[in-house]
Amino acid sequence: MYAQVIETGGKQPKRPDEMSAEEKAFMQRIENNEKIEPKDWMPEGYRRTLIRQIGQHAHSEVVGQLPEGNWITRAPTLERKAILLAKVQDEAGHGLYLYCAAETLGVSRDELIERLHAGKMKYSSIFNYPTLTWADVGAVGWLVDGAAIMNQVALQRTSYGPYSRAMVRICKEESFHQRQGYDIMLKMARGTPEQKAMAQDALNRFWYPALMMFGPPDSDSVHTAQSMAWKIKINTNDELRQRFVDQTVPQAEYLGLTIPDENLRWNEERQAYDFTPPDWEEFYQVINGYGPCNRERMDARIKAWEEGAWFREGLAEYGRKMEAQRAKVVNA
Ligand code: BYC
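These figures come from a predicted structure and were not determined experimentally.

A.B. asks: Give a detailed account of the packing of helix H5 (residues 109–117) against helix H12 (residues 294–307), specifying residues and quantitative values.
C.D. replies: At a minimum axis separation of 10 Å, H5 and H12 run at an interaxial angle of 140 degrees. Classified by the interaxial angle, the pair formed by H5 and H12 is oblique. Regarding H5 and H12, the two cross each other, and that crossing is left-handed. Counted together, Asp110, Ile113, Leu116 and His117 of H5 and Met298, Arg301, Ile302 and Trp305 of H12 form the full contact between these two elements. Here the contact of H5 with H12 is composed, by residue class, of five nonpolar, one polar and two charged.

A.B. asks: Describe the nonpolar core, and please don't skip the residues or the numbers.
C.D. replies: Side chains of a nonpolar character, in soluble globular proteins, are inclined to be buried together. Of all hydrophobic cores here, the largest spans 50 residues; its most connected members are Trp134, Trp142, Leu143, Phe206, Trp207 and Phe244. Broken down by secondary-structure element, the contributors of at least two residues to this core are helix H4 (78–103), helix H6 (134–155), helix H7 (161–189), helix H8 (193–212), helix H10 (237–255) and helix H11 (280–290). If you tally residues by element for this core, the top one is H6, at 10 residues. Met27, Ile54, Met121 and Leu155 belong to the second-largest nonpolar core, a separate cluster that totals 29 residues.

A.B. asks: Provide a residue-level description of the side chain of His94, including the pertinent values.
C.D. replies: With respect to the secondary-structure elements, His94 resides in helix H4. According to the relative accessible area criterion, His94 is buried, its value standing at 0%. Leaving out residues up to four positions away in the same chain, His94 has contacts with Glu61, Ile170, Glu173, Glu174 and His177.

A.B. asks: I'd like a description of the pattern of salt bridges, backed by residues and values.
C.D. replies: Applying the stated criterion across every chain, the model contains 20 salt bridges. One salt bridge connects Glu44 with Arg47, and the closest N-O pair in it is separated by 2.9 Å. One end of the pair, Glu44, and the other, Arg47, are both in helix H2 (residues 44–63), three residues apart, so they sit about a helical turn from each other. Of the residues examined, Glu44 reaches a relative accessible area of 41% and is grouped as partly exposed. Salt-bridge contacts for Lys87 lead to Glu91; the nearest nitrogen and oxygen are separated by 2.9 Å. Here Glu91 and Lys87 lie together in helix H4, a separation of four residues that amounts to about one turn. On the accessibility criterion, Lys87 (1% relative accessible area) is buried. In this structure Glu91 comes out as buried when scored by relative accessible area, which is 5%. Here the salt bridges share partners, and the residues they tie into one network are Glu68, Lys87, Glu91 and Asp145.

A.B. asks: Go over the environment of Val140, please, and point to the residues and values.
C.D. replies: Relative to the elements of secondary structure, Val140 occurs in helix H6. Exposure remark for Val140: the relative accessible area of 5% places this residue in the buried category. Distance from Val140 to Ala210, taken between C-alpha atoms, is 8.7 Å for residues 70 residues apart in sequence. Setting aside residues no more than four positions away along its own chain, Val140 makes contact with Glu68, Thr131, Asp145 and Phe206.

A.B. asks: Tell me about helix H1 (residues 21–31), residues and numbers included.
C.D. replies: What H1 keeps buried is the set Glu23, Phe26, Met27 and Ile30. Take H1 and look down its axis: the buried residues cluster within an arc of 100 degrees, on one side only. Elements in contact with the buried residues of H1: H2 and helix H9 (224–229). Once H1 ends, the next one or two residues include Asn33, with phi positive near 60 degrees.

A.B. asks: Before we move on, could you go through the packing of aromatic side chains and cite the residues and values that matter?
C.D. replies: The geometry of an aromatic ring pair comes down to the distance between the two centres and the angle between the two planes. Scanning the model with the defined rule gives 11 aromatic pairs in all. Summarising the aromatic geometry, the rings of Phe26 and Trp41 are spaced 6.1 Å apart at their centres and angled 80 degrees between planes, so their arrangement reads as edge-to-face. Of this pair, Phe26 sits in helix H1 while Trp41 sits in the loop between H1 and H2, placing them 15 residues apart in sequence. Residue Phe26 is classed as buried on the basis of its relative accessible area of 2%. Residues Trp266 and Tyr273 carry aromatic rings whose centres are separated by 5.0 Å and whose planes lie at 75 degrees to one another, so their mutual orientation is edge-to-face.

A.B. asks: How would you explain H10 if you had to name every residue and give the values?
C.D. replies: Given a rise of 1.5 Å per residue, 19 residues ought to cover 27 Å, and the 27 Å separating the end C-alpha atoms of H10 matches this to within 8%. For H10, the set of buried residues is Asn237, Leu240, Arg241, Gln242, Phe244, Val245, Thr248, Val249, Ala252 and Leu255. Tucked inside the fold, the buried residues of H10 contact H6, H7, H8, H9, strand S2 (272–274) and H11. Gly256, located one to two residues past H10, shows a positive phi value of around 80 degrees.

Parameters and conventions
Residues numbered from 1 in each chain as written. Predicted model: local features only at pLDDT ≥ 70, side-chain atom pairs only at ≥ 80, totals over all residues. Heavy atoms only, no water. Axes fitted to C-alpha atoms, helices over the stretch in contact; angles between N-to-C directions. Helix = DSSP H or I, 4+ residues; strand = E, 2+ residues; numbered from the N terminus. Parallel < 35°, antiparallel > 145°, perpendicular 65-115°, else oblique. Left-handed = near helix turned anticlockwise from the far one by under 90°. Contact = heavy atoms within 4.5 Å. Nonpolar A, V, L, I, M, F, W, Y, C, P; charged D, E, K, R; others polar. Core = buried A, V, L, I, M, F, W, Y, C linked by side-chain atoms within 4.5 Å. Buried < 20%, exposed > 50% of the residue type's maximum accessible area, 1.4 Å probe, protein only. Salt bridge = Lys/Arg side-chain N within 4 Å of Asp/Glu carboxyl O. Arc of directions from axis to C-beta. Phe/Tyr/Trp six-rings, centres within 6.5 Å; stacked < 30°, edge-to-face > 60°. Expected span 1.5 Å × (residues − 1).

Quick look at the structure:
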C-alpha cells in the first residue's frame, strides 16, 4: 500500500500499521496525486523536510548569483553583458519565489537567512567552486543550469502545491539559462584554438562538481526514501544523475569537447552511459564548509545582508506609515 519502498541509505518511511488515522488519510491523498496546500494537515516531518529542501533550494539560487555576477562587468560584449545581467536577476527572482513557498510552511524568510548565515542550512555544493574564466560562465549555464533543470522538471510534480507551482515558473526561465550557457560554449568551442582550450578547461573543472549537484549516491542518501514516499522527491539522486549524463554527452560531442572521464562509454544493455562517479570525499568536504569558495560565498552574503539592513528597515517603516494612513481613512 502507498508509495513504493526505495532501497537507499537513511531512515525508511513508516509502514501503514505504524501510522495514525491522520497520517493514513494524508498518505492516501499523496497516493491520489493530490496537491497538499499550506492550510492542509501534514505530518510534522513532511513540513520540516520541505522547509529544509525549499530553504536550501532558495539559498542556492541566491548564492548562485555570486559566481556569475562576478563576470557581469567583464562580459566580452554588450549583448553578453545584458544577457548575463538578466540571468543573474532571474536567479534572485527564483530565490524569492522559493522563500515565499517556504514561508507558507510557517517559517519566515529572515529565519531561513539567519540559519544560512549561522551555517545551519546548506546551499548547493556547486557554488563553492570558482569561475576563473569567461568560459566558466558558459559551463555554468550549460552544466549547472542543465543539472538544475533535470532536477526541477521532476519537482514540478512534487506533492506540495506552492513548491510545485514555483517550479513551473522557474523551469521556464532555467531553459533559457541553459541555452545561453550552451551558446557561449558553442561560440568558444568553434573559436580560436585558445578559446576552444578555455571551453575544454571549463568542462574539465565543472563536470564532476555538476554531477555532485544531484546529491550523494542513493546508498548514502539520508532523505530520499522518506522524501519519495511523500512525493516531495520524484526521482532518486542516481536516477537524475544518470539522466543528466545521458543528455549531456551528445551535447559535448556536438561541441567537439571531451568529457573528462576515461571510463565513459555507452552501455548497450542498460541503454545508458557508464561513467566514473565523482569523488564523494570531496563532496562531503564541500557541503561541510571546506570547499574552495565556501568562506568567500558566505562572507559576501553576510556583507550584503548587513549592508542592506537600512533598505529593509526603510521598507518596513514605509509599510507601517501606509498602514497608519489606511487606518485613519477607515476611522474618519
Ligand atoms: N549540495 O539525503 P540527501 C540552481 C545534502 S540551484 C549541498 O540525498 P536530499 C542555480 C542534503 O541537504 C540548484 N548539499 O538529501 C542557481 C543532506 O544534508 P542535510 C539547487 C547537498 O535533500 C543559480 C545530505 O546532503 N537545487 O539551480 O534528499 C544559478 C544528504 O543528501 C547536496 C535544489 O536545491 C548538494 N548538491 O537530496 C544556476 C533542488 N546534495 O540537509 C543554477 C532541490 C545533498 O540533511 N533539492 N546535499 O544537512 C533537491 O532536489 C534535494 O535536496 C537534493 C538532495 C537532490 C539536492
